[in-house]
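# Structural overview
Each chain is listed here by its residues.
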Amino acid sequence: MATDPIHPPPGAHADWTIPQDWACYSPREHQVWDELFARQSAMLAGRASAVFLKGLDNLRLSRAGIPDFEELSERLYRQTGWQVVAVPGLVPDAVFFEHLANRRFVAGRFIRRPDQLDYLQEPDVFHDVFGHVPLLSDPVFADYMQAYGQGGLRALNFHALEKLARLYWYTVEFGLIREQGSLRLYGAGIVSSFGESVFALDDSSPNRLQFDLERVMRTRYRIDDYQQSYFVIDSFEELLHQTAEADFAPLYRRLESLSDISPNAIIPSDRVIDRGTQAHASCKH
Ligand SMILES: [Fe+2]
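Residues numbered from 1 in each chain as written. Predicted model: local features only at pLDDT ≥ 70, side-chain atom pairs only at ≥ 80, totals over all residues. Heavy atoms only, no water.

## A look at the environment of Y144
As for its position among the elements, Y144 is in helix α6 (residues 139-158). Not counting residues within four places of it along the chain, the set of residues in contact with Y144 comprises L167, T171, V172, L239, L240 and T243. (Helix = DSSP H or I, 4+ residues; strand = E, 2+ residues; numbered from the N terminus. Contact = heavy atoms within 4.5 Å.)

Laid out in structure tokens, this is it:
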């Protein structure tokens, strides 16, 4: 998401989509996918949400090589009516929301280089497909993502995108869920990251707080390091319910009068699951 509303780059359609050109991936590029896939799926057993792991299985993402979006979309469409489309990189907010509102997930088609397995600034096909697509095969999460896109289109009129983006960040990208009494990962930014898959769940540094819509929308976030706070939902039904049924117009008005909250802060109304030491952030030079 997020760039200025400009025209699509040369070669892209009016909605910014481009062909994936699956046949053009090199054997080395497929191999990078396979290495990332093997490493990450081994790491996530017992750590990721059962819903995510089921989605991974449902979509047969364990087959070798970078998935072909057409084939992946056919399977996904049969399950929840979602499709995956390729885009050249970041797209304008309105374009991003329009795709989500119409059950199309926009994905980068490039894959990181072999020397970038652990860190990448711009989302590549591994982050976008491995991280995001499994949950889109779950009917409830699929509805949540569509509701988010619809909410985004409305937020454009309220000039409230910064607040709404925090909801995406702390759920779709970095969310935790409670399943059978234990915390599990579901955010795409975590499940596609080798380091953060451990940090988010096991490290004593970050806060783990019960999800609250208004609280999350007031909370700034880090884009340069692991998160200092993670928010925990009880179920995807609850997340969908809280966001699809919220009346965002009064919420945005109220948020205008409330101050932002630092990424590492705990406030008196928080339901604290783990009070983090914040040692990770403070020992940085
Ligand atoms: Fe993402």
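## Some details on the pairing of strand β5 (residues 207-210)
The side-chain alternation of β5 yields two buried faces, one formed by N207 and L209 and the other by R208 and Q210. One ladder, built from four bridges, connects β5 with strand β6 (residues 229-233); its direction is parallel. Following the sheet pairing, N207 is matched in β6 by S229. The pairing of β5 with strand β7 (residues 272-274) spans two bridges and is antiparallel. When the bridges of β7 are listed, L209 appears paired with V272. (Buried < 20%, exposed > 50% of the residue type's maximum accessible area, 1.4 Å probe, protein only. Pairing = 2+ DSSP bridges.)

## Considerations on the layout of surface pockets
As a volume, the largest pocket reaches approximately 1,300 Å³. Along the walls of the largest pocket sit 45 residues, with Q121, P123, H127, W169 and E173 positioned nearest its centre. When contributions to the lining of the largest pocket are tallied by element, the ones reaching two or more residues are α4 (93-101), β2 (104-108), α5 (125-136), α7 (161-173) and α9 (194-202). A per-element tally of the lining of the largest pocket places α7 first, with five residues. (1 Å grid on protein atoms, 1.4 Å probe; cavity = no way out; pocket = protein on both sides within 12 Å on 5 of 7 lines; lining within 4 Å. Points joined across faces, edges and corners; volume = space filled by probe spheres on them.)

## Quick word on helix α2 (residues 50-58)
Along α2, the residues classified as buried are F52, G55 and L56. For α2, the arc enclosing every buried residue in end-on projection is 100°, short of the 170-degree limit, so these residues lie on one face. Opposite the buried face of α2, at more than 90 degrees from it, the exposed residues are K54 and D57. Contact partners of the buried residues in α2: α1 (27-44), α5 and α8 (188-191). Of the residues flanking the start of α2, the one acting as N-cap is S49, its side-chain oxygen 3.0 Å from the backbone nitrogen of V51. Directly beyond the C-terminal end of α2, a positive phi value near 50° is found at R60. (Arc of directions from axis to C-beta. Polar contact = N/O pair within 3.5 Å; in protein donor to acceptor, adjacent residues only side chain to side chain.)

## Things to note about the packing of aromatic side chains
One pass over the structure, following the stated rule, counts 21 aromatic pairs. Consider the rings of F97 and Y148, whose centres lie 6.0 Å apart with planes at 55°: the pair is tilted. Here F97 is found in helix α4, whereas its partner Y148 is found in helix α6, with 51 residues between them in sequence. Residue F97 shares its accessibility class with Y148, and that shared class is buried. Through a chain of ring-to-ring contacts, three or more aromatic side chains come together here, namely W33, F37, F52, F126 and F130. Just above the ring of F194 sits the side chain of R39; from NZ or CZ to the centre is 4.1 Å. (Phe/Tyr/Trp six-rings, centres within 6.5 Å; stacked < 30°, edge-to-face > 60°. Lys NZ or Arg CZ within 6 Å of the ring centre and 35° of its normal.)

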